[in-house]
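The lines below spell out each chain.
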Amino acid sequence: MASAHHRHPVNQYRHDHRNAGQRLADSVTAVFGSWRFIIIQTGIVTVWIAVNIIAVLYRWDPYPFILLNLLFSTQAAYAAPLILLSQNRQADTDRVKAEHDYQVNQLALQYLIAWHRDTHGVNCDCVRRAQPIVEGMLTTLAKEL
């Protein structure tokens, strides 16, 4: 079940190797986190309340709408764990992606150093002289994060 929508290898791999529970959690959170869901649910709640306030004969859930509250509680009881599962998967994916990006950056740095030495010669000490400046910048960046 390959998908061409994920360009990053980590995202592609983790998307393609999800189990049924992970796919369900991702699908549910995609629905719950959409404007379409919010608009439809708002419409249903508005109609529910209006019918129960206006209707004289068929008021199945009169004010204070206890059945509506029960439905919301049930929805929240199932939605919260599924949302947490999906968030945990996303956090795990982000950690793996960050590690992958770090390795790619290290490889790019090695290529740049090799290219620099090829261009300037083996005896050039530009990289060695720049090392304290770069380390200082990395330390500053780490403190800001």
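Residues numbered from 1 in each chain as written. Predicted model: local features only at pLDDT ≥ 70, side-chain atom pairs only at ≥ 80, totals over all residues. Heavy atoms only, no water.

## Quick word on helix 4 (residues 66-120)
Moving on, step 1. Given a rise of 1.5 Å per residue, 55 residues ought to cover 81 Å, and the 78 Å separating the end C-alpha atoms of helix 4 matches this to within 8%.
Moving on, step 2. Within two residues after helix 4, Gly-121 carries a phi angle of roughly 100°, on the positive side. (Helix = DSSP H or I, 4+ residues; strand = E, 2+ residues; numbered from the N terminus. Expected span 1.5 Å × (residues − 1).)

## Considerations on the packing of aromatic side chains
Moving on, step 1. Within this structure, the stated rule accounts for one aromatic pair.
Moving on, step 2. Measuring from centroid to centroid gives 4.8 Å for Phe-32 and Phe-37, while their planes differ by 50°, and the two rings are tilted. (Phe/Tyr/Trp six-rings, centres within 6.5 Å; stacked < 30°, edge-to-face > 60°.)

## A word on the pattern of salt bridges
Moving on, step 1. Applying the stated criterion to the full structure yields two salt bridges.
Moving on, step 2. Asp-92 is the partner of Arg-95 in a salt bridge, and the nearest nitrogen-oxygen pair spans 3.7 Å. Taken together, the residues Arg-95 and Asp-92, both in helix 4 and three residues apart, mark about one turn of the helix.
Moving on, step 3. Overall, the relative accessible area of 54% leaves Arg-95 in the exposed class. (Salt bridge = Lys/Arg side-chain N within 4 Å of Asp/Glu carboxyl O. Buried < 20%, exposed > 50% of the residue type's maximum accessible area, 1.4 Å probe, protein only.)

## Observations concerning the confidence of the model for the protein chain
Moving on, step 1. In this model, the protein chain carries a mean pLDDT of 82, and residues with pLDDT of at least 70 account for 92%.
Moving on, step 2. Per-residue pLDDT, averaged within each element of the protein chain, yields its smallest value for helix 1 (residues 9-16) (72) and its largest for helix 3 (residues 35-54) (90). (pLDDT = per-residue confidence, 0-100.)

## Examining the packing of helix 3 against helix 4
Moving on, step 1. The contact between helix 3 and helix 4 brings their axes to 11 Å, and the two run at 160°. It follows from the interaxial angle that helix 3 and helix 4 lie roughly antiparallel. On the side of helix 3, the interface is formed by Phe-37, Gln-41, Val-45, Trp-48 and Ile-49, while helix 4 contributes Leu-67, Leu-68, Leu-71, Phe-72 and Gln-75.
Moving on, step 2. For the contact of helix 3 with helix 4, the per-class residue count stands at eight nonpolar, two polar and no charged. (Axes fitted to C-alpha atoms, helices over the stretch in contact; angles between N-to-C directions. Parallel < 35°, antiparallel > 145°, perpendicular 65-115°, else oblique. Contact = heavy atoms within 4.5 Å. Nonpolar A, V, L, I, M, F, W, Y, C, P; charged D, E, K, R; others polar.)

## Some words on the environment of Ile-66
Moving on, step 1. Residue position: Ile-66 is located in helix 4.
Moving on, step 2. Of the residues examined, Ile-66 reaches a relative accessible area of 59% and is grouped as exposed.
Moving on, step 3. C-alpha of Ile-66 to C-alpha of Leu-107: the two residues are 41 residues apart in sequence and 61 Å apart in space.

## Side note on helix 3
Each α-helix turn comprises 3.6 residues. Residues three or four places apart therefore point the same way.
Moving on, step 1. Over its 20 residues, helix 3 extends 28 Å from the first C-alpha to the last, a length consistent with the 28 Å expected when each residue adds 1.5 Å.
Moving on, step 2. Buried residues along helix 3 sit in contact with helix 4.

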